[in-house]
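Here is how the chains run, residue by residue.
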Amino acid sequence: MPADTFDLEVTGLNCGSCVNRAEQAIRRVPGVETASVNLSTARAHVAFDAGHDPAEGLNRVDSQLDDAGYPARHESIQLALSGLTCGGCVRTVENALNALPGVLNASVNLGMGTADVEVIAGSLDSADLIKAVEAAGYGAERRGDAGDEAPGQDAAAREQAVLRRRVLTAAAFAVPLVAIAMGRHIPGGAEWFAQWLPERAWIAVEWLLATPIVFWAGRDFFRKGLTEMRHRAPAMSSLVMIGAGAAYGYSLLALLVPGMFPPGTAGSYFEAAGVIITLILVGRYLEQIARGRTSMAIKRLLGMQARTARVVRNEGPTEVDIHAVARGETVMIRPGERIPVDARVSEGQSRVDESMISGEPVPVAKAEGDRLVAGTVNGQGSLTATVTEVGADTVLAQIIGMVEKAQAEKPPIQQMADRIAGVFVPVVLVVALLTAAIWLTVGPEPVLSYAFVATVSVLLIACPCAMGLATPTAVMVATGKGAENGLLLRRGAALESLARTDTVVLDKTGTLTLGRPQVTDQIGATGSDDDVLTLMAAVESHSEHPLADAVVAAARERGLAWPTATGFEAVSGYGVHARVDDRYVHIGAAHYMEWLGVDTTAVQTEVEALMQAAKTPVYAAVDGQLLGVVAIADPPRPESAAVIAALRAQGLRVAMVTGDQAATAHALADRLGIDEVMAGVLPDAKAREVQRLQGEGRRVAFVGDGINDAPALARADVGIAIGTGTDVAIEAGDAVLMRADLNGLLNAVALARRTHRTMKGNFVWAYGYNVLLIPVAAGLLFPFTGWLLNPMAAAAAMSLSSLFVLTNSLRLRRFRPASAPTEATP
């Protein structure tokens, strides 16, 4: 009898032979008893023998189908989790999910309270994942599509409300508990309390006050702690359960059967058990509030989504729900309203505030044919527009999805932290046992009390909460801050990669330059500048050459009007000519003039200077006489030189890659102060140049905007796409600059470096804190000072450690762009 059966969705099936090959690929996996592939449903039915691990078997089936050319479809499921408190919790949930057959990878983000799970489609569903999480002792529910809600927003709000009730309840009992327990130890306190009740009666009152705290307010610690121990994956709840439970159990035995303890050791620690639970709950509540602040960027982006749209239908303009709007419909946007969907203006003029996508505060003029982006704010004019994208396809929805994905991804430093957290708690338990053994062996009297206090303090102070929060909170704040300033991080790991980059490679055309040829200089020979441009525009207006477009654009900018040219003709490889007002006008390169017999020696010196400056000279002759020369070039962005200087000042080596000839490339590099030039590089060779630099031991960031930049963007340690470039380039990049301004690159480097410093600071604190205070809690200072850490102080210190990490990460919200955007672009 087969033990497990699965139905997988298979892609690439076209015919019966495809089915046969797919079945053969599946049957090659050890443990597969039967395999049947259905062409019409594109599904594979797979059954495993009882003696084989289905999880490992499904992974092998997935690999075999992929190798055979019929990959199984994968899908991503995101869960909103509750009850996560530390890195150990992360490890426990990830292990529970990764153990399920069909799960390819599960990644839990403590800061966001989410789990991103990649599964083989059809092998299981979200209910199976939720069941596994709940069996591990945590809560889970499925998230909707990106942009539907903030990550884990509802679950987090409910958890925060539950925590608040428990904190208030615990505090209500803890205050009188501490007053009674500590009041009897202050001068004169014992006598005052004794006149009302005997000592054992007061201990009984402590028991009555501590019990609701421990077993109602703190019941989750015991429930999760037992689950963690049952799964052999102890985490924070295990430490709290053992520490607080030991204090409560020790005190209860001392109250009920004091004779079983050695003389002088039958003390009460009910106040320690109650206050420990209360302080940790307060700390968790404050953490929850702080963690909520880290996702403010997503909440703000969600708040930019319009809820309704005014759609023009048969009955006239109608207010409808945003989800009821379809592509191709016409929407009306009144002054001051938010743009409801991506659209293109069909009527009207206005200025639109697009700062939410570009970071640029100056409103952008919009007229017929211009693009509108959902979430941006219309100015004073009324607009009518045709819907181009709705729902998850709008730019705003894609931005939200991109930020969520980046926040959910673990940088390498966090992956290391989670591995450490997975073994940290077991090590702490061993240290606690050693502490107890040492105190019981060499401690002073009452030895049992000292051993108990030291052991419980070790358990409580060592909770790895701060370790688990060190990176995700910093990444969440940084990605959100980047989105506010026009920098979209598609991968959370891009922050760490960019912070460690030592070489920046920039594509030339469209990245360092404006990407469109312009007339930069004019030389008059026998005519004025306006005469030269007027006659050239008359002829070039008939040409489709990019250089011709530059001439016509320059004439328009100068407000010139030109006569109609007749008899236009292009001479391949030379230039063009036409008749204008009974004059023959020839336009072209130097060799065209030479072929025509036109004397150009009068402007030779100026032309050579232009060519050395990487500008292309275009000659104009009228009736065989040289009229003048215009120089055309793709000018650098106005901010390029300043940005490159700033990058070099930060210790980065700046290189340029281009398909242009070496002379042109070096002229631009000299002008901008670029360290290294890679000229004459074909589009498919850009990635090889990046690989060459990486082979030299460099960490490379590549910045580009075109389709031919996509391989290099993907190959670099971190690829940064200019957002005005092609969709392919944007998809290949790890980060996207939404504004065509290289100042965004400076801001990206500044944000990445500051975030990396924050993450490292968090880790130094989290690990240093534990390394230093665990020996103190164990009693290292007692032989020298006679001082031993109280368990209540240990619990408070543990909570403060997590709050420090969260507060340190939240400081990133104060990040300000290192460089303002360039206001004017020629």
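Residues numbered from 1 in each chain as written. Predicted model: local features only at pLDDT ≥ 70, side-chain atom pairs only at ≥ 80, totals over all residues. Heavy atoms only, no water.

For the chain, an unreviewed UniProt entry supplies the name Heavy metal translocating P-type ATPase and the organism Spiribacter aquaticus. UniProt's Subcellular location (unreviewed entry) comment on the chain is quoted here verbatim: "Cell membrane". According to the UniProt record, the Sequence similarities (unreviewed entry) comment for the chain reads "Belongs to the cation transport ATPase (P-type) (TC 3.A.3) family. Type IB subfamily." (UniProt positions renumbered as here; feature names shortened; annotations may be inferred.)

*Asks:* Before we move on, could you go through the sheet that holds strand 26 (residues 676–678) and cite the residues and values that matter?
*Replies:* If you trace the 7 strands from one edge of the open sheet to the other, you get 17-29-28-27-18-25-26, paired in mixed fashion. The sheet terminates laterally at strand 17 (487–489) and strand 26, the two strands that pair on one side only. Pairs of neighbouring strands in the sheet enclose a mean axial angle of 20 degrees, with direction left out of account. Both strand 18 (residues 503–507) and strand 27 (residues 700–704) contribute to a ladder of 4 bridges, which runs parallel. Opposite Val-505, over in strand 27, you have Phe-702 as the bridge partner. (Pairing = 2+ DSSP bridges. Helix = DSSP H or I, 4+ residues; strand = E, 2+ residues; numbered from the N terminus. Axes fitted to C-alpha atoms, helices over the stretch in contact; angles between N-to-C directions.)

*Asks:* Give a detailed account of the packing of aromatic side chains, specifying residues and quantitative values.
*Replies:* With the rule as written, the count across this model stands at 11 aromatic pairs. Put simply, the rings of Phe-215, Phe-222, Tyr-248 and Phe-270 touch in pairs and so form one group of aromatic residues. Over the ring of Trp-216 we find Arg-166, and its NZ or CZ is 5.9 Å from the ring centre. (Phe/Tyr/Trp six-rings, centres within 6.5 Å; stacked < 30°, edge-to-face > 60°. Lys NZ or Arg CZ within 6 Å of the ring centre and 35° of its normal.)

*Asks:* Tell me what's going on with the pairing of strand 18, and back it up with residues and numbers.
*Replies:* Burial analysis of strand 18 places 5 of its 5 residues in the buried class, which makes it a mostly covered element. Along strand 18, one buried face is formed by Thr-503, Val-505 and Asp-507 and the opposite face, lined by Val-504 and Leu-506, is buried too. Across 5 bridges, strand 18 lies against strand 25 (residues 653–657) in parallel orientation. Residue pairing in the sheet places Val-504 in a bridge with Val-654 of strand 25. (Buried < 20%, exposed > 50% of the residue type's maximum accessible area, 1.4 Å probe, protein only.)

*Asks:* Pulling in residues and values, what's your account of the pattern of salt bridges?
*Replies:* Considering all chains together, one arrives at 23 salt bridges under this definition. Here Arg-310 and Glu-337 are joined by a salt bridge, their closest N and O atoms 3.2 Å apart. One end of the pair, Arg-310, is in strand 8 (residues 308–313); the other, Glu-337, is in the loop between strand 10 (330–333) and strand 11 (342–347), and 27 residues separate them in sequence. Overall, the relative accessible area of 12% leaves Arg-310 in the buried class. A salt bridge links Arg-500 to Glu-496, with the nearest nitrogen and oxygen atoms 3.9 Å apart. (Salt bridge = Lys/Arg side-chain N within 4 Å of Asp/Glu carboxyl O.)

*Asks:* Before we move on, could you go through the side chain of Thr-534 and cite the residues and values that matter?
*Replies:* Summarising the element assignment, Thr-534 is placed in helix 20 (residues 529–540). Under the relative-accessibility criterion, Thr-534 is labelled buried at 16%. Once residues within four sequence positions are removed from consideration, Thr-534 is found in contact with Leu-560, Ala-561, Trp-562 and Pro-563. (Contact = heavy atoms within 4.5 Å.)

*Asks:* Describe the UniProt feature "transmembrane region" (unreviewed entry) in the chain, naming the residues involved and giving the relevant values.
*Replies:* If you check UniProt for "transmembrane region" (unreviewed entry), the listed places come out as residues 167–186, 201–218, 239–261, 267–286, 420–442, 448–471, 763–782 and 788–806 in our numbering. Span residues 201–218 is 94% helix and 0% strand, its end C-alpha atoms 25 Å apart. Overall, residues 763–782 shows 85% helix and 0% strand. The separation of its end C-alpha atoms is 28 Å.

*Asks:* I'd love a proper account of the side chain of Ser-123, names of residues and values included.
*Replies:* Note on placement: Ser-123 falls in the loop between strand 6 (114–120) and helix 4 (126–135). One polar contact links the side chain of Ser-123 to the main-chain carbonyl oxygen of Ile-120, over a distance of 2.6 Å. Beyond its immediate stretch of four places on either side in the chain, Ser-123 contacts Phe-6, Asp-7, Leu-8, Leu-58, Pro-101 and Gly-102. (Polar contact = N/O pair within 3.5 Å; in protein donor to acceptor, adjacent residues only side chain to side chain.)

*Asks:* Tell me what's going on with helix 25 (residues 662–672), and back it up with residues and numbers.
*Replies:* Of the residues making up helix 25, those classed as buried are Thr-664, Ala-665, Ala-667, Leu-668, Ala-669 and Leu-672. Among the structural elements, helix 19 (508–512), helix 23 (604–612), helix 24 (640–649), strand 25 and strand 26 are those in contact with the buried residues of helix 25. Immediately downstream of helix 25, the backbone of Gly-673 shows phi near 80 degrees, a positive value.

*Asks:* Which residues make up the nonpolar core, and what values do they have?
*Replies:* Ile-277, Leu-281 and Ile-461 are the most contacted members of the largest nonpolar core, which has 58 residues in total. Looking at this core element by element, the count peaks at 9 residues for helix 15 (residues 447–461). Counting residues in each nonpolar core, the second largest holds 42 residues, with Ala-478, Leu-498, Val-504 and Ala-752 among its members. (Core = buried A, V, L, I, M, F, W, Y, C linked by side-chain atoms within 4.5 Å.)

*Asks:* Now, about helix 8 (residues 219–230): what can you tell me, with residues and values included?
*Replies:* Relative to the 16 Å expected for 12 residues at 1.5 Å per residue, helix 8 spans 17 Å between its end C-alpha atoms, a close match to the ideal helical length. Burial in helix 8 covers these residues: Asp-220, Phe-221, Phe-222, Lys-224, Gly-225, Thr-227 and Glu-228. Of the residues one or two after helix 8, Arg-232 is the one with positive phi, at around 55 degrees. (Expected span 1.5 Å × (residues − 1).)

*Asks:* Quick rundown of the environment of Leu-746? Include the residues and the values.
*Replies:* Examined against the element boundaries, Leu-746 turns out to sit in helix 29 (residues 743–778). Assessed through its relative accessible area of 8%, Leu-746 is described here as buried. When the C-alpha atoms of Leu-746 and Pro-817 are compared, they prove to be 8.4 Å apart, with 71 residues separating the residues in sequence.

*Asks:* Let's hear about the confidence of the model for the chain: which residues, and what values?
*Replies:* On average, the chain scores 79 in pLDDT, and the residues at 70 or more come to 84%. Highest mean pLDDT in the chain belongs to strand 25 (92); lowest belongs to helix 28 (residues 727–732) (54). Throughout residues 145–152 the model reports pLDDT below 50, and contacts reaching past four residues in sequence, or to other chains, amount to 23 contacts. (pLDDT = per-residue confidence, 0-100.)

*Asks:* Please give an account of unusual backbone geometry that cites residues and values.
*Replies:* Positive phi outside glycine occurs at Asp-581, with the angle close to 50 degrees. Here Asp-581 lies in the loop between strand 21 (575–580) and strand 22 (583–588). The exposure class assigned to Asp-581 is exposed, which follows from its relative accessible area of 54%. For Asp-623, which is not glycine, the phi torsion reads 50 degrees and is therefore positive. Tracing the backbone shows Asp-623 in the loop between strand 23 (616–622) and strand 24 (625–633). Residue Asp-623 is classed as partly exposed on the basis of its relative accessible area of 44%.

*Asks:* Pulling in residues and values, what's your account of the sheet that holds strand 10?
*Replies:* Pairing within the open sheet is antiparallel, and its 6 strands lie in the order 9-8-10-16-11-14. Each edge of the open sheet carries a strand with a single partner, namely strand 9 (316–321) and strand 14 (371–372). By the bridge criterion, 4 bridges tie strand 10 to strand 16 (residues 383–389) in an arrangement that is antiparallel. Directly across from Val-331, in strand 16, lies its bridge partner Ala-385.

*Asks:* Give me the pairing of strand 6: which residues, what numbers.
*Replies:* Within strand 6, 5 of the 7 residues are buried, which leaves the element mostly enclosed by the surrounding structure. For strand 4 (residues 74–82) and strand 6, the ladder comprises 7 bridges, and the chain directions are antiparallel. Counterpart to Ile-77 in the pairing with strand 6 is Val-117. Note: strand 5 (residues 103–109) against strand 6, 6 bridges, orientation antiparallel. Considered in strand 6, the bridge of Val-108 is made with Ala-115.

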